[in-house]
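Listed here are the chains, written in short residue letters.
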Amino acid sequence: MEKIASAKLFGGAHDVWRHSSEVLGVDMEFATFIPEGEGPFPVLYFLSGLTCTWENAATKAGAQQFAAKHGMILVFPDTSPRGDDVADDDSYALGKGAGFYMTATKAPWADHYKMDSYIIDELTAFVPKIAPVTGGKAGITGHSMGGHGALTLAMRYPDSFKSVSAFAPIVAPTKVPWGRDIFHAYLGDDESEWAAYDACELLVSNGWDGDILVDVGKADPFLEAQLKPDLLQSAAQKAGVELEMRLQEGYDHSYYFVTSFIEDHITWHKSRLTA
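Conventions we followed
- Within every chain, residues take consecutive numbers counted from 1 along the sequence as written.
- Totals for whole chains, interfaces and linings use every residue, but because this is a predicted model, local features are given only for residues with pLDDT of at least 70 and side-chain atom pairs only at 80 or more, for both listing and counting.
- Remark: hydrogens and water are excluded; side-chain values derive from all non-hydrogen atoms of the structure.
- Put simply, a salt bridge is a Lys or Arg side-chain nitrogen that is within 4 Å of an Asp or Glu carboxyl oxygen.
- By definition, any uninterrupted DSSP run of H or I lasting at least four residues is a helix, any uninterrupted run of E lasting at least two residues is a strand, and each is numbered from the N terminus.
- Only protein chains enter the area calculation, which uses a 1.4 Å probe; residues under 20% of their type maximum are buried, those over 50% are exposed, and those in between are partly exposed.
- Pairing between strands requires that DSSP locate at least two bridges from one strand to the other.
- Only the stretch in contact is used when a helix axis is fitted, and all axes are lines through C-alpha atoms; the angle between N-to-C directions ranges over 0 to 180 degrees.

Enquirer: Could you give an account of the pattern of salt bridges, naming the residues involved and the relevant values?
Expert: Tallying each qualifying case throughout the model produces 12 salt bridges. Taking the shortest distance from any N to any O, the salt bridge between Arg18 and Glu2 comes out at 3.9 Å. Of this pair, Arg18 sits in strand 2 (residues 12-21) while Glu2 sits in strand 1 (residues 2-9), and the two are 16 residues apart along the sequence. A salt bridge links Arg18 to Glu29; the nearest nitrogen and oxygen atoms lie 3.2 Å apart. Remark: Glu29 occurs in strand 3 (residues 26-34) and Arg18 occurs in strand 2; sequence separation between them is 11 residues. With a relative accessible area of 31%, Arg18 lands in the partly exposed category. Salt bridges linked by common partners bring Glu2, Arg18 and Glu29 together as one network.

What follows is the structure, encoded as structure tokens:
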């Protein structure tokens, strides 16, 4: 583990780390924000979306000022494995920058694309060694593909996460073009294997011991074809899980949208992680 950059930010520290990932078989980078003070502090993981690295959310979401205000540690993972030997594709929605927080089983992706295992088995173990985190479960949120990752990881690993929210998440990837293209490539043609990475399917099968906050812009150009928030509402109702789905008038899919509501999510997670 090597700290490769550090900057003071809102009284706290924004640090960038590089380490060799045994799970992914490549070097990985992630960023943390640790507020001023001795702690311990609750921790919130923020998963970025398609085409992104850790840097997108860390520089565009505006989360650190509110994490400093409310006493929260932030962790910004990358979205996929990186390196010359890592398989890639010309499509922005496949390969590097499009790990989809899942484990691929088909060549050439299976060698390195295991972002769910990376976060659960490595990253959550590293963070307490470099940051004064409160013991117990963490919170997780994300944007777009990262919202998909936040929802699915929370439901698949409830022993790791106590709170979950999302911005414009892909909630039913088995039913929309982004997800179906990825699942065919990463998992193959057996659609019975896809449900393990579909938030709507997981909500019905696994449930969730808590509530969920989701914000979606009503002017999001991907709303109808790729996001389909109504499917998550139906799944939550079927599962008996409390979902606050906020459809925000005039907002799109960009980080302008995320920045507008990030404090709501940080305070929402803080209240649940410290209850």
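Enquirer: Run through the sheet that holds strand 3, naming residues and quoting values.
Expert: Spatially, the nine strands line up as an open sheet ordered 1-2-3-5-4-6-7-8-9, and their pairing is mixed. The open sheet has two edge strands with one neighbour each: strand 1 and strand 9 (242-248). Strand-to-strand twist across the sheet, computed as the mean angle between neighbouring axes with direction ignored, equals 20°. Across four bridges, the pairing between strand 4 (residues 43-47) and strand 6 (residues 138-142) is parallel.

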